[in-house]
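Spelled out, the chains give:
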Amino acid sequence: MFAVRRLPSGLTASLPRATRKNATLAVASSIERSSQETKTQGRRKRTRTTRPEISIQQPRSWHRALPPDVIPAYDLALQLLHKDSRNLKSEVSALRKSVENKETLYQALLAKVAKAEAENKAALEDELQSLDQDLESMSEKLNILEVQSEVNLPEVRWTVNNAMADMTKPSHRHLLEQKWRKDGDLDLLMERIYQMHVVPDVLPEINPSIDLRIAVPVREYKKGKPYETVEPGTFLMPKQTLSPPNLFVNVFHTDVRLYTMLLLDLDLPYPEASTYTTFLHWMEPNIPLSATSPSRVTVLNAHTPYIPPHPQQGTPYHRYVCLLLPQPAISSYTLTGAARASGNPTSIYLDIPAVQDAERFGFDVREFASNWALDSARGGAAHMWREVWDSQVSKIYSDILKKEEPRYGHPPKFNPYIQIKQQKKYIL
């Protein structure tokens, strides 16, 4: 509370009563204003700041959670982690030299086998196979030690969690794969695939080894967010898939392997057989993927062009499944084979012919996978979503497919009394 100052008695006595009251109120209000100005004087105006986005393009360096000497136990824990990391890295360095020396022996023996005569060739090949097995076991141990030397460091985990993983480092690849497999993304995908009978309707077994994500335009445009990531099994509108969806992958193997991409509709009506069949919307074989390849998969419309999903009117929801099927290996997928490949593909290039429009209807995925030795049980990727008919589908039929739109529904039930109902009941 502030004290109200009174005017000098000699001055107030000579003023009328109303004027004296107004003068007193004016002095009080001026004192209140000055008091408020005194309270706010020197106070800074608060401005809301937003945290900048962290990415590979806009990286931020890691800072320890607590400064030194705040909690001695925390300082000791960090010292032990870094000490263990240094010890393991020295072990990694020694083992890597051993692997390089043994690889030199392997190459020399390989040259001997190529020049050997038939009598000595069998013995040399057995020795070469034994040496290759030793190299593979040493490479596996080396990979484990490289992961263990960094996987527990706080700065490494912070980098991976903030989307700045370096896929050339085994520890970063391990943490990223562990996050995909254990944090629920893979579990949700497999749950939807089995709940909606993608397995066994499309293939008898699917065992994903690649994290596949799909992005489509948002239903209603929002500033700064033109695309949204599709959760497996959710419903999309046909207008969101008029253009080919964007495919993004996280690959965890270092060698370049080739994959065949398929996009299928599992619920196309087949009235002649009173059932449903598959429709091939999209295909692209021989897609090279590795841990260091770009996350977004490009050049996907050069083989069998994309046809937008068009669920027919009068049908239930349609399941759309995107698959990345691994192509067979040239010899076998091993760590030593990946190191010797030097960036060349370790998979067989498949000369798959383009599928004509007339052959898209009733596309047999199992027969196709069997003919080209594409085994989804040994890896690859999968994703799915659902769609139902709306007015946009009619435009797809008229503008893109250039054909009359079919309409399906339940046939009307036979009514044996329809003729009786149409007759006049009373005839005069």
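Residues numbered from 1 in each chain as written. Predicted model: local features only at pLDDT ≥ 70, side-chain atom pairs only at ≥ 80, totals over all residues. Heavy atoms only, no water.

Engineer: Give a detailed account of the overall build of the protein, specifying residues and quantitative values.
Structural biologist: Secondary structure summary: the protein contains 13 helices and 9 strands in total. A total of 428 residues make up the protein; the buried ones form 37% of that total. Here the analysis covers contacts within the protein between residues at least 6 apart in sequence; of these, 71% occur between residues at least 24 apart. Taken as a whole, the protein presents about 27,500 Å² of accessible surface, with 53% of it coming from carbon and sulfur. (Helix = DSSP H or I, 4+ residues; strand = E, 2+ residues; numbered from the N terminus. Buried < 20%, exposed > 50% of the residue type's maximum accessible area, 1.4 Å probe, protein only. Contact = heavy atoms within 4.5 Å. Areas by Shrake-Rupley, 256 points an atom, 1.4 Å probe, with all protein chains shown as cover.)

Engineer: Can you explain the sheet that holds strand E7 (residues 296–297)? Please cite residues and give values.
Structural biologist: Strand order in the open sheet made by the 4 strands is E2-E1-E4-E7, with antiparallel pairing throughout. The open sheet terminates on both sides in strands that have one partner only, identified here as strand E2 (225–229) and E7. In this sheet, strand E4 (residues 246–250) lies alongside strand E1 (residues 211–222) in antiparallel orientation, the contact comprising 5 bridges. Bridge pairing in E4 places Leu212 opposite Val249. (Pairing = 2+ DSSP bridges.)

Engineer: Outline the pairing of E2, supporting the account with residue identities and numerical values.
Structural biologist: When E1 meets E2, the two strands line up antiparallel, connected through 4 bridges. Bridging from a neighbouring strand, Val216 pairs with Glu228 of E2. Turn length for the E1-E2 hairpin, with the two strands adjacent in sequence and antiparallel, is 2 residues, and the turn residue Gly224 shows positive phi of about 85°.

Engineer: Before we move on, could you go through the nonpolar core and cite the residues and values that matter?
Structural biologist: Ranked by internal contacts, the top residues of the largest apolar core, which has 40 residues, are Val202, Leu264 and Leu323. The greatest single-element share of this core, amounting to 4 residues, is contributed by helix H7 (residues 185–195). Apart from the residues lying within four places of it in its own chain, the contact partners of Leu323 are Val202, Leu203, Ile206, Thr260, Met261, Leu262, Leu264, Ala381 and Ala382. (Core = buried A, V, L, I, M, F, W, Y, C linked by side-chain atoms within 4.5 Å.)

Structural measurements only, silent on function.
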